[in-house]
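Topology and contacts: notes
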Amino acid sequence: MAADDRPYKNTVAVLATMHGKERVIAPVLKEGLGLIVGLAMSVDTDTFGTFSRDVERTGSPLDAARAKIGAGFEYAPYTRVGLASEGSFGPHPHIPFLALGRELVLLIDRERGLELTGHFASPETNYGHAVVSDMEAAAAFAQRSKFPEHGLIVMGCVDETPAPGLALFKDVIDHATLEKAVGQVVAKCGAAFVEADMRAHRNPTRMRAIERAASDLVRRFRSQCPACAHPGFDVTERITGLPCEWCGEPTHVTRAEVLACQACDYRIERPATSATTADPGRCESCNP
Ligand SMILES: [Zn+2]
Ligand SMILES: [Zn+2]
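Residues numbered from 1 in each chain as written. Chains lettered and ligands numbered in written order. Predicted model: local features only at pLDDT ≥ 70, side-chain atom pairs only at ≥ 80, totals over all residues. Heavy atoms only, no water.

Geometrically, the link from Phe 147 to Pro 148 is a cis peptide bond, its omega value of 5° lying close to zero. Take Pro 148: it is sitting in the loop between helix 3 (135-144) and strand 7 (152-158). Residues other than glycine seldom take positive phi values, yet Glu 160 does so here, at roughly 70°. By the element assignment, Glu 160 lies in the loop between strand 7 and strand 8 (161-172). (Helix = DSSP H or I, 4+ residues; strand = E, 2+ residues; numbered from the N terminus.)

Now the structure itself:
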C-alpha cells in the first residue's frame, strides 16, 4: 500500500486506555490508516467497568467503548477521531467447557459521522477461575492460566463465589506474591477465589487478540461502498437455506451473505459458499 492512500495521514486520534493497549493498536492504525494515536492520559477507564470486579460494567461492550471515546473527546476536544477497545469473555456459545474471548476496537470520526468496529473472537484465551483452599491447588490453576507471563487476581471467597469486598489482590505477577495473597485470603475466608487477570497489560494473549481486532478495523475501513465510497462496506446479514443434497429442502446452512452500506441504500447479496447443496446430515427432513 502506498503511504499516500492512507485516509487519515497525519490525523491525530485520541485513545482512552490505562492498560497499554496503544502498544498494539497504534502501530496497526498508523500503518493501515495513517492515524497518529495519542493517549487521553487523565481518563480513568476503570470507571467504565473493570475485569477485577471492583466496578461492574453495565451495558454492552460497544456501549462501554463509546463511553470511553466520549471521555477521550472530553480530554482532547479538538480531536476528530476517537478510539477505544473493549473485551468480553465467557463460555463458548456452541462448544461446552470452552471459553471464548471477544475483542472489539471502535473508531469514531465525528467530522464524518462515522462509527466503525473491528472484531476478533477466539477460544485461545486464558479466561477462567478456580476456588482453592491451599497453595498446591492455586499453583495448578496458575500454571493453566499461563502465570506468571499472565497475571492473576486473588480475592475473598464465600460459598464458592467471589467476595472482593473481603479481600482483593489485583497485581499478582510472581510466585511470591501469589503465595502471600492465597495464604492471607485462605486464612481469612477459608478459601480463595483466583482468576486470570484479563486486563490487557497483564495478559499477552489478550494483547495479541486486540491487535487482530485493530487489523480487522483497518480491513473494514478500507472496504468501501461501490456506490458512494463510504468506508465499512461489509457483511451485515447471513441468509440460511442452502438446499439439501438429497431432498432439496432448505437447510439451516448459510446460503448467501448480504453486504450493506451504512450511509446509502446500496446492498449486494453474494453466495456464501461455492457449494450448491448442503450435507444431508444438516437437513431436518433427512437427518431429524
Ligand atoms: Zn434433506
Ligand atoms: Zn454507500
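With that settled, consider the domain arrangement of the protein chain. When its domains are assigned, the protein chain resolves into domain 1 (3-125 + 201-222), domain 2 (129-197) and domain 3 (234-282). The C-alpha-based centres of domain 1 and domain 2 are spaced at 29 Å. On the side of domain 2, 15 residues touch domain 1, which itself brings ten residues to the contact. With both sides pooled, the region where domain 1 packs onto domain 2 buries about 1000 Å², and carbon together with sulfur makes up 45% of that total. Where domain 1 packs against domain 2, one counts one salt bridge. Each residue belonging to the side of domain 1 that touches domain 2 can be placed in one class, and the counts come to two nonpolar, three polar and five charged. (Domains from an automatic or database assignment. Contact = heavy atoms within 4.5 Å. Buried area = accessible area lost by both parts, 1.4 Å probe. Salt bridge = Lys/Arg side-chain N within 4 Å of Asp/Glu carboxyl O. Nonpolar A, V, L, I, M, F, W, Y, C, P; charged D, E, K, R; others polar.)

Now for the pattern of salt bridges. Inspection of every chain in the model, using the stated rule, returns 17 salt bridges. Linking Asp 109 and Arg 80 is a salt bridge whose minimum nitrogen-to-oxygen distance equals 3.0 Å. With Asp 109 in strand 4 (residues 99-109) and Arg 80 in the loop between helix 2 (61-75) and strand 3 (81-91), the pair connects residues that are 29 residues apart, well separated along the chain. Looking at Asp 109, the relative accessible area reads 0%, which means it is buried. Residues Glu 124 and Arg 208 are paired through a salt bridge, measuring 3.9 Å at the closest nitrogen-oxygen approach. Placement of Glu 124 in the loop between strand 5 (114-122) and strand 6 (129-132) and of Arg 208 in helix 5 (residues 204-222) is noted, with a sequence separation of 84 residues between them. Here Glu 124 falls in the exposed class, since its relative accessible area comes to 51%. On the basis of relative accessibility, which here comes to 45%, the residue Arg 208 falls in the partly exposed class. Three or more residues joined by partner-sharing salt bridges are found here, namely Asp 171, Asp 197, Arg 199 and Arg 202. (Buried < 20%, exposed > 50% of the residue type's maximum accessible area, 1.4 Å probe, protein only.)

Going through the model one piece at a time under the given rule, you end up with three aromatic pairs. Between Phe 89 and Tyr 127, the aromatic rings sit 5.9 Å apart at their centres with planes inclined by 20°, giving stacked as the arrangement. With Phe 89 in strand 3 and Tyr 127 in the loop between strand 5 and strand 6, this residue pair connects regions lying 38 residues apart in the sequence. For Phe 89, a relative accessible area of 16% gives the class buried. On the accessibility criterion, Tyr 127 (39% relative accessible area) is partly exposed. Here the basic side chain of Arg 110 rests over the ring of Phe 73, its NZ or CZ set 3.7 Å away from the ring centre. (Phe/Tyr/Trp six-rings, centres within 6.5 Å; stacked < 30°, edge-to-face > 60°. Lys NZ or Arg CZ within 6 Å of the ring centre and 35° of its normal.)

By the element assignment, Val 131 lies in strand 6. Given a relative accessible area of 30%, Val 131 falls into the partly exposed group. Leave out the neighbours within four places in its chain, and Val 131 touches Cys 157, Glu 160, Ala 191, Ala 192 and Phe 193.

What follows covers the coordination of the zinc ion (ligand 2). Six octahedral donors around a metal ideally sit at 90 or 180 degrees from one another, while four tetrahedral donors ideally sit at 109.5 degrees. Within the protein, the zinc ion (ligand 2) binds to Cys 225 (SG), Cys 228 (SG), Cys 261 (SG) and Cys 264 (SG); these donor distances fall in the range 2.3 to 2.4 Å. Because the angles between the four donor atoms bound to the zinc ion (ligand 2) fall within 104 to 115°, the donor set is best described as tetrahedral. Binding-site remark: the zinc ion (ligand 2) is held by donors from one chain whose sequence spacing is C-x2-C-x32-C-x2-C. (Donors = N, O, S within 2.8 Å, 3.2 Å for Na, K, Ca; no water. Tetrahedral: all angles 85-135°; square planar, octahedral: opposite > 155°, others 65-115°.)

Considering all chains together, one arrives at one cavity of 30 Å³ or more under this definition. Surrounding the largest cavity, 15 residues form its lining, Phe 89, Glu 124, Thr 125, Arg 206 and Ala 209 being those nearest its centre. Elements with a contribution of two residues or more to the lining of the largest cavity: strand 4, strand 5 and helix 5. Looking at the lining of the largest cavity residue by residue, the class counts come to five nonpolar, six polar and four charged. (1 Å grid on protein atoms, 1.4 Å probe; cavity = no way out; pocket = protein on both sides within 12 Å on 5 of 7 lines; lining within 4 Å. Points joined across faces, edges and corners; volume = space filled by probe spheres on them.)

Taken together, the protein ligands of the zinc ion (ligand 1) are Cys 244 (SG), Cys 247 (SG), Cys 283 (SG) and Cys 286 (SG), with distances of 2.2 to 2.4 Å. Look at where the donors of the zinc ion (ligand 1) fall in the sequence and you get C-x2-C-x35-C-x2-C. Here Cys 244 is found in the loop between strand 10 (234-240) and strand 11 (254-260), whereas its partner Cys 286 is found in the segment after strand 12 (267-271), with 42 residues between them in sequence.

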